[in-house]
Amino acid sequence: MLEPESDCYGRGMTAVPEWMRPPRPEGWYAEDLDHLPEAPRHTELIDATLVFTMLPQRSWHARLITALVVAHYWRVEDEDGSPVVHAYELDEPTRSYVATEIHRRALRTTTPFAISLDLDGLVPGQKS
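Since this is a predicted model, take the numbers as computed values, not measurements. (Residues numbered from 1 in each chain as written. Predicted model: local features only at pLDDT ≥ 70, side-chain atom pairs only at ≥ 80, totals over all residues. Heavy atoms only, no water.)

J.: Got a sec to walk through the overall build of the protein chain? Specific residues and values, please.
T.: Assigned secondary structure in the protein chain consists of one helix and seven strands. The order of helices and strands in the protein chain, counted from the N terminus, is β-β-α-β-β-β-β-β. Expressed as a percentage of contacts within the protein chain between residues at least 6 apart in sequence, the contacts between residues at least 24 apart total 17%. Within the structure as shown, the protein chain displays about 10100 Å² of accessible surface, and the carbon and sulfur contribution to it stands at 57%. (Helix = DSSP H or I, 4+ residues; strand = E, 2+ residues; numbered from the N terminus. Contact = heavy atoms within 4.5 Å. Areas by Shrake-Rupley, 256 points an atom, 1.4 Å probe, with all protein chains shown as cover.)

What follows is the structure in structure tokens.
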């Protein structure tokens, strides 16, 4: 006989509603949130997982966005008809930006988030 699920305090828990189950093994996609009217108003998607908060974490969210925007800076230039991306990162001790990478033909980085972009593919007629 199966025992009912319980939380860490031994209290019984109800089954997870069907709408909370991910639609695919790898989890949720951003567009899935548009089709979840049952989800609480402040539902977030982090690493393909739904995260529910009762109150928006405005302070945390604002600090995170500021850190991403302020800590990293990209400048795009045209070099002989091809885009070139110069990456900079904020040096905390000096509070000034330092050059970290120059991307030609493709932009591939994991900082501040993973991105892979064919720069040559952005230019019409340019071979990738």
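Having seen the model, we can carry on.
J.: Can you tell me about the sheet that holds strand 4 (residues 82-91), naming the residues and giving the values?
T.: With antiparallel pairing, three strands are arranged side by side in an open sheet as 3-4-5. The open sheet terminates on both sides in strands that have one partner only, identified here as strand 3 (72-79) and strand 5 (96-104). Strand-to-strand twist in this sheet, taken as the mean axis angle between neighbours without regard to direction, amounts to 25°. (Pairing = 2+ DSSP bridges. Axes fitted to C-alpha atoms, helices over the stretch in contact; angles between N-to-C directions.)

J.: Break down the packing of aromatic side chains for me, citing the residues and quoting the values.
T.: The final tally for this structure, using the stated rule, is two aromatic pairs. Measuring from centroid to centroid gives 5.5 Å for Y73 and Y88, while their planes differ by 40°, and the two rings are tilted. Placement of Y73 in strand 3 and of Y88 in strand 4 is noted, with a sequence separation of 15 residues between them. Both rings, one in Y73 and one in Y97, keep their centres 5.7 Å apart while their planes meet at 50°; by these two values the pair is tilted. Of this pair, Y73 sits in strand 3 while Y97 is found in strand 5, placing the two residues 24 residues apart along the sequence. On the basis of relative accessible area, Y73 is assigned to the partly exposed category, the value being 39%. Chaining the aromatic ring pairs together yields one cluster made of Y73, Y88 and Y97. Just above the ring of Y29 sits the side chain of R24; from NZ or CZ to the centre is 3.8 Å. (Phe/Tyr/Trp six-rings, centres within 6.5 Å; stacked < 30°, edge-to-face > 60°. Buried < 20%, exposed > 50% of the residue type's maximum accessible area, 1.4 Å probe, protein only. Lys NZ or Arg CZ within 6 Å of the ring centre and 35° of its normal.)

Note that every value here comes from positions in space, so none of it alone points to a role or purpose.
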